[in-house]
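What follows is the residue order along each chain.
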Amino acid sequence: MAKQAKQNQSFEVMVLGAGIVGVSTALHLRRLGLDVALIDRTHPGLEASFGNAGIVQRNGFVPHAVPLRARELMGILFRQSSAVSYDFGTLVRLLPWLRRYHAASGDRAAELYSRVVAPLRALAVQEHLELARSANADRFYRQGGWIHLYRSGSSYSLGETERYYARVFGVAYDELTAGEIGTLEPGLKIASHRAASLKAVHWTESCSVSNPGAVVDAFWRSFVREGGKYFRADAAKLQRKRGGWRLEGERGTVFAGNAVIALGAWSQDIMKALGENYPLAVKRGYHMHYRPLSGASLSRPLVDVENGLVLTPTDNGIRLTTGVELAERDAPQNPNIIAMARRRAEDLIPLGRPLQDTPWMGSRPCLPDSLPVVGASPTIPGLWVNFGHAHDGFTLGPITGRLLAEMIAGKTPILDPTGLSPLRFMA
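Residues numbered from 1 in each chain as written. Predicted model: local features only at pLDDT ≥ 70, side-chain atom pairs only at ≥ 80, totals over all residues. Heavy atoms only, no water.

Moving on, we come to unusual backbone geometry. Positive phi values are uncommon outside glycine, yet Arg 79 reaches one of about 60°. Although it is not a glycine, Ala 390 adopts a positive phi angle of roughly 55°. For Ala 390, a relative accessible area of 12% puts it in the buried group. (Buried < 20%, exposed > 50% of the residue type's maximum accessible area, 1.4 Å probe, protein only.)

This is the structure:
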């Protein structure tokens, strides 16, 4: 069979990165009437968008803090923590970044974060559900919220700032005793824990999905059905040309007047090559699926706060998602991380046999203030950015995709994008 001839094609916008952020951006651009090319080196949704815990958070008004309690620090130092693990060389390299990250979780900085993120969270669930309905993906979504489980009173007290801002912004939640947790999720081993110290918060307005990767795939297929084009190409080959951008792909050359960088943990590679430098760090995470033993079940996701892990019921068994690993993005996997998380998780539910041969691993792209950059490049005409969503890419991808698409199309954006501007990192 003869090879298909390569073609040169021109578009108004090329979106680089086909995770949920890039796919949502491309889909919204197409629905605003623009001619759009979506580009990635693999099938859409196979990186962090595939491997997350599948939560669409209505809560989440304070940034993830650096652990400072002596017990937590000792556990991390001696590699007994499932919430935070590290490679020593990477930890040393990230010390300046971690200082900035810690400063951004102080009281004043947390208030700023809450006021920027609150309008996004107010629209996140609705935006997900609207895209899901139009993309025939609503079957993956379920109501019922998610549970944050605290094994000690001191840990529960540390969550008060989050609950305070939830009350400020009018987000409902239920505080649960051990008995109420057992009633809501009878498949958990609640009786084996000290009931007096066990507490939980049920965030009732959040929702979750049973298959994050399938959701992204459905959004992508909707984009293609509606006239968008998809290309396989390496974003590292992006070239700036007079009047726009050029990228050589598997099926030919793509030209566009505008380019969007939505490459998650790979975004800084491209931005630095183009002359802009963002303080983007990577937090790696793992997941594994298990077939729970008879009688063990979950009807909604559950976070074990102290241990940094999430248990999510999915189409493929219970997904165990780990905490944070500070290691180089492309370094080999550390098998001890998923093993330790499993041991901690089985205090709560007997996970049974694994349904994968090896864990999945991905990278969360994090900026020191825990907010993404969304908007026009401050220095390069025709370049736009939408990356750095940290732990919230799956939640916020559809709404930041809509926000950026409206900005590119010259529409009045659905919310004020000032707090997400890339200008905040331009010294």
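What follows covers the packing of helix α6 (residues 107-134) against helix α10 (residues 212-225). Their axes nearest at 9 Å, the elements α6 and α10 cross at an angle of 60°. In terms of axis orientation, α6 runs oblique to α10. By crossing handedness, the relation of α6 to α10 is classed as left-handed. Of the residues in α10, those in contact with His 128, Leu 131, Ala 132 and Ser 134 of α6 are Phe 219, Ser 222 and Arg 225. Of the residues in the contact of α6 with α10, the class split is three nonpolar, three polar and one charged. (Axes fitted to C-alpha atoms, helices over the stretch in contact; angles between N-to-C directions. Helix = DSSP H or I, 4+ residues; strand = E, 2+ residues; numbered from the N terminus. Parallel < 35°, antiparallel > 145°, perpendicular 65-115°, else oblique. Left-handed = near helix turned anticlockwise from the far one by under 90°. Contact = heavy atoms within 4.5 Å. Nonpolar A, V, L, I, M, F, W, Y, C, P; charged D, E, K, R; others polar.)

Burial within strand β14 (residues 281-291) is extensive, with ten of its eleven residues counted as buried. As judged from the seven bridges shared by β14 and strand β20 (residues 360-366), these two strands associate in the antiparallel manner. By the bridge assignment for β20, Arg 284 is matched with Ser 363. In this sheet, strand β19 (residues 353-354) lies alongside β14 in antiparallel orientation, the contact comprising two bridges. Bridge pairing links Tyr 290 to Pro 354 in β19. (Pairing = 2+ DSSP bridges.)

Viewed as axis vectors pointing N to C, helix α1 (residues 20-31) and helix α13 (residues 393-408) meet at an angle of 35°, and their least axial separation amounts to 7 Å. Crossing of α1 against α13: the hand is right-handed. Residue-level contacts link Ile 20, Val 21, Ser 24, Thr 25, His 28 and Leu 29 of α1 to Gly 393, Phe 394, Gly 397, Pro 398, Thr 400, Gly 401, Arg 402, Leu 404, Ala 405 and Ile 408 of α13. Of the residues assigned to the contact of α1 with α13, the class counts are eight nonpolar, seven polar and one charged.

So, about the sheet that holds strand β3 (residues 55-56). The strands that make up a sheet pair up through hydrogen bonds in the backbone, lying either parallel or antiparallel. The three strands are arranged β3-β9-β5 in an open sheet whose pairing can be described as antiparallel. Of all the strands in the sheet, the pair left with one neighbour each is β3 and β5 (141-142). Bridging between β3 and strand β9 (residues 207-209) involves two bridges; their strand directions are antiparallel. In the sheet register, Ile 55 faces β9, and the bridge partner there is Ser 208.

To continue, consider the pattern of salt bridges. Following the criterion strictly, the structure yields 19 salt bridges and no others. Linking Glu 111 and Arg 115 is a salt bridge whose minimum nitrogen-to-oxygen distance equals 3.4 Å. Pair noted here: Glu 111 and Arg 115 are both in helix α6, with a separation of four residues, about one helical turn. We classify Glu 111 as partly exposed; its relative accessible area is 36%. By relative accessible area, which is 47% here, Arg 115 ends up partly exposed. When the shortest N-O distance is used, the salt bridge between Arg 246 and Glu 248 registers 3.6 Å. Classification of Arg 246 by relative accessible area gives partly exposed; the value is 24%. One salt-bridge network, held together by shared partners, links Glu 127, Arg 402 and Glu 406. (Salt bridge = Lys/Arg side-chain N within 4 Å of Asp/Glu carboxyl O.)

With that settled, consider α10. Over its 14 residues, α10 extends 20 Å from the first C-alpha to the last, a length consistent with the 20 Å expected when each residue adds 1.5 Å. Once α10 ends, the next one or two residues include Gly 227, with phi positive near 105°. (Expected span 1.5 Å × (residues − 1).)

Bringing the nonpolar core into the picture now. Note on soluble globular proteins: their nonpolar side chains tend to be buried together. One finds Val 15, Leu 29, Leu 38, Tyr 141, Phe 219, Val 260 and Ile 408 to be the most contacted residues of the largest nonpolar core, which totals 65 residues. Of the residues forming this core, the biggest block, ten residues, is contributed by α6. Among all residues touching Val 15, those that are not within four sequence positions of it are Gly 22, Thr 25, Ala 26, Leu 29, Val 36, Ala 37, Leu 38, Ile 39 and Val 260. Among the nonpolar cores identified, the runner-up in size contains 30 residues, and Leu 16, Phe 231, Ile 270 and Leu 280 belong to it. (Core = buried A, V, L, I, M, F, W, Y, C linked by side-chain atoms within 4.5 Å.)

On to a nonpolar patch on the surface. Taken together, the side chains of Met 74, Leu 77 and Phe 78 make up a nonpolar region of the molecular surface, amounting to roughly 320 Å² of accessible area. Tracing the chain through its elements places Phe 78 in the loop between α3 (70-77) and β4 (84-86). (Patch = residues over 30% accessible without salt bridge, like charges linked within 9 Å, V, L, I, M, F, W, Y side chains within 5 Å. Areas by Shrake-Rupley, 256 points an atom, 1.4 Å probe, with all protein chains shown as cover.)

Let us look at the packing of aromatic side chains. Tallied over the entire structure, the rule returns eleven aromatic pairs. A ring pair is formed by Phe 61 and Phe 169, whose centres lie 5.2 Å apart and whose planes are at 35°; its orientation type is tilted. One end of the pair, Phe 61, is in the loop between β3 and α3; the other, Phe 169, is in the loop between α8 (160-168) and β7 (174-177), and 108 residues separate them in sequence. Aromatic side chains Tyr 150 and Tyr 156 sit 5.3 Å apart centroid to centroid with 90° between the ring planes, which places their arrangement in the edge-to-face category. Taken individually, Tyr 150 and Tyr 156 each receive the classification buried, so the pair is uniform in this respect. The cationic tip of Arg 163 hangs over the ring face of Tyr 156; the distance from NZ or CZ to the ring centre is 3.8 Å. (Phe/Tyr/Trp six-rings, centres within 6.5 Å; stacked < 30°, edge-to-face > 60°. Lys NZ or Arg CZ within 6 Å of the ring centre and 35° of its normal.)

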